[in-house]
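Understanding the architecture of this molecule
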Amino acid sequence: MELLSTTFWSAGGSRHGMAERLGYSRSKANALIAGLLEQGLLTEAGPRASTGGRRPEHLRLHADLGVLLAADIGATSLDLAVLQPDLTVLARHGEAIDVRDGPGVVLARVRQRLRELLQKQGVAPRRVLGIGMGVPGPVNFGAGQLVNPPLMPGWDSFSIRDYLREDYAAPVFVDNDVNLMALGELWRLQRQLPNFLVIKVGTGIGCGIVCHGEVYRGAAGSAGDVGHICVDQQGPRCHCGNVGCVEAMAAGPAIVRMAQAAAERGESPALAAVLRNQGRIEAIDVGHASRAGDASANAIIQRAGNLIGQMLASVVNFFNPSHVFIGGGITQIGPLFLAAVRHSVYQRSLALSTRHLEIQYTPLGTEAGVVGAGVLAMHETLKARGVAPT
């Protein structure tokens, strides 16, 4: 029933709070809650802080409902977790991968690691309620398949659901990785912000769109593919085939290329030292050099931030969000990047669009993807069972 979904999205709450959220009378809410407690679907988790009078009991989804499996697959990393229905993390694992190895190699790792996490928790596969997975490419959400993903050519139309069904009877839900980040922030905010954007900057650049309190995926699942918006008609060729895409000019690989060129030209002693010592430069090294006062590193970060801000200004003018949350590996590069994005957005956007706009790094940070995968698994499982609004 809808009360279970409300409990999940509000991260638990009191009887009175549940009644207010749903517009139920106290007597109706109490009767429904009593029934769900008796069925073992809800549990009382101790008293909440008092606001005057008797301290109300905190309600949450019962842990005995089962567990959720969350998988956040990035272009170069894999983050897995086993979670309780209220998204409490029971076990977690992360490792480096390369999605270009293809679905056979990557998903075999996913299956093996999830099996190991469940075994360590003593949880049988039949106890899995739902599985949520994020991937770095456009997804046909209804079919759970990637569609012509630029970073993952070998994954086109591969059935991730069928592959995982060999191990689990639970439903499998697949979405773009930045949509998962948006879901994670939506859950953290308890759906209190109805219109906001989440930008992920890593190997690629994508945007999760929350509109009227729901993740907006578009007609074919490709909404938010902002990495291929052109910011320079004379720019370099992108892997999508076009030129001047912001992803080709300002994502992680572009920052690394600019840093390596600066090091080889002798413009940056700090980056040249990194190249000599490590044989390569990573985006995080550019951040370290910037914080140490390296002028070339500062210029590289500001250029990338300005280009992303240029793209984002158009999106802000079009969508008029209240907040923009920026996540992904590039957030580790430091505050200068965020400052450059903000400056570019505020300079290029209409005054009305930015009057109350807040731009910040994602509060969930590195947790956003795996939390979002858990949100996807639980929310869609509740919907499939007819207990959540569609």
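Residues numbered from 1 in each chain as written. Predicted model: local features only at pLDDT ≥ 70, side-chain atom pairs only at ≥ 80, totals over all residues. Heavy atoms only, no water.

Quick note on the threshold: UniProt positions are given in the numbering used here, feature names are shortened, and annotations may be inferred rather than shown by experiment.
Per an unreviewed UniProt entry, the protein carries the name ROK family protein and comes from Xenophilus arseniciresistens. Per UniProt, the protein carries the Sequence similarities (unreviewed entry) text "Belongs to the ROK (NagC/XylR) family."

Re the overall build of the protein
Rules: A run of DSSP states H or I qualifies as a helix once it reaches four residues; a run of E qualifies as a strand once it reaches two. Both are numbered from the N-terminal end. Each residue gets one of three labels from its accessible area relative to the maximum for its type: buried under 20%, exposed over 50%, partly exposed in between, using a 1.4 Å probe on protein chains only. Here a residue-residue contact requires only that any non-hydrogen atoms of the pair lie within 4.5 Å. For accessible areas, the Shrake-Rupley method is used with a probe of radius 1.4 Å. Any residue's cover is judged against the shown protein chains and nothing else.
Scanning the protein for helices and strands turns up 14 helices and 14 strands. Each principal axis of the C-alpha distribution contributes one length, and for the protein these read about 70 × 50 × 40 Å. Put simply, the protein has 390 residues, and 52% of those count as buried. Partitioning the intrachain contacts of the protein with sequence separation of at least 6 by distance along the chain shows that 60% fall at a separation of at least 24. In the form shown here, the protein has an accessible surface area of approximately 17000 Å², with 49% of it arising from carbon and sulfur atoms.

Things to note about unusual backbone geometry
Backbone geometry at Asn148 places phi at a positive 45 degrees, although glycine is not the residue there. Positionally, Asn148 belongs in the loop between strand S8 (145-146) and helix H5 (160-165). Its identity is not glycine, yet His212 carries a phi of approximately 55 degrees, on the positive side. With respect to the secondary-structure elements, His212 resides in the loop between strand S11 (205-211) and strand S12 (214-216). Assessed through its relative accessible area of 68%, His212 is described here as exposed.

Considerations on the nonpolar core
Heads up, the rule is: The term nonpolar core refers to a set of buried residues drawn from Ala, Val, Leu, Ile, Met, Phe, Trp, Tyr and Cys, joined through side-chain atoms within 4.5 Å.
Counting 45 residues, the largest nonpolar core has Val286, Leu312 and Phe337 as the members making the most contacts within it. The biggest single contributor to this core is helix H11 (residues 295-319), with eleven residues. Once residues within four sequence positions are removed from consideration, Phe337 is found in contact with Val201, Ile301, Ala304, Gly305, Ile308, Ile326, Ile330 and Tyr361.

Description of the sheet that holds strand S4 (residues 77-83)
Using the following cut-off: Strand pairing is assigned whenever DSSP detects at least two bridges linking the two strands. Convention adopted: a line fitted to C-alpha atoms gives each axis, helices being fitted over their contacting stretch, and angles between N-to-C directions are expressed from 0 to 180 degrees.
Read from one edge to the other, the open sheet built from five strands follows the order S5-S4-S3-S6-S9, with strand pairing classed as mixed. The sheet is open, and its two borders are formed by strand S5 (89-96) and strand S9 (172-176), each paired with just one other strand. Strand-to-strand twist in this sheet, taken as the mean axis angle between neighbours without regard to direction, amounts to 15 degrees. Here strand S6 (residues 128-135) pairs with S9 via five bridges, running parallel. From the neighbouring strand, Val135 faces S9, where its bridge partner is Asn176. Set on the sheet, helix H6 (residues 177-188) makes contact with strand S3 (67-73), S6 and S9; between it and S9 the angle comes to about 100 degrees. In the packing of helix H14 (residues 368-384) onto the sheet, contacts are made with S3, S4, S5, S6 and S9, and the angle to S3 comes to roughly 135 degrees.

Some details on the pattern of salt bridges
Where we set the bar: Put simply, a salt bridge is a Lys or Arg side-chain nitrogen that is within 4 Å of an Asp or Glu carboxyl oxygen.
Counted under the stated rule, the structure contains 18 salt bridges. Salt-bridge contacts for Arg188 lead to Glu185; the nearest nitrogen and oxygen are separated by 2.6 Å. Here Glu185 and Arg188 lie together in helix H6, a separation of three residues that amounts to about one turn. Given the relative accessible area of 31%, Arg188 is considered partly exposed. Arg265 is the partner of Glu267 in a salt bridge, and the nearest nitrogen-oxygen pair spans 2.7 Å. Given a relative accessible area of 43%, Glu267 falls into the partly exposed group. Connected through shared salt-bridge partners, Glu95, Arg109, Arg113 and Glu116 make up one network.

Looking at the packing of aromatic side chains
Condition: Any Phe, Tyr or Trp ring, taking Trp's six-membered ring, that has another such ring centre within 6.5 Å forms a pair; planes under 30 degrees apart are called stacked, those over 60 apart edge-to-face, and the others tilted.
Counted by the stated rule, this structure contains four aromatic pairs. Seen in terms of ring centroids, Phe8 and Trp187 are 6.4 Å apart; in terms of plane orientation they differ by 35 degrees. Their pairing is tilted. In this pair, Phe8 is assigned in helix H1 (residues 2-9) and Trp187 in helix H6, connecting sequence segments 179 residues apart. The class of Trp187 is buried, set by a relative accessible area of 16%.

Some thoughts on the pairing of S6
Across a regular strand the side chains alternate sides, sitting on one face of the sheet and then on the other. Most of S6 is tucked away, with eight of its eight residues classed as buried. Direction of pairing for S3 relative to S6: parallel, over a ladder of six bridges. In the strand pairing of S6, Leu69 is matched with Ile131.

Remarks on the packing of helix H2 (residues 15-22) against helix H3 (residues 26-39)
Rules: A crossing counts as left-handed when the near helix is turned anticlockwise from the far one by less than a right angle, and as right-handed when that turn is clockwise. In this classification, the charged set is Asp, Glu, Lys and Arg, the nonpolar set is Ala, Val, Leu, Ile, Met, Phe, Trp, Tyr, Cys and Pro, and all remaining amino acids, among them Gly, are polar.
Axis separation between H2 and H3 bottoms out at 9 Å; the angle between their running directions is 115 degrees. In terms of crossing hand, the pair formed by H2 and H3 is right-handed. On H3, the residues that touch Arg15, His16, Met18 and Ala19 of H2 are Arg26, Ala29, Asn30, Ile33 and Leu37. Among the residues making up the contact of H2 with H3, the classes are represented as five nonpolar, two polar and two charged.

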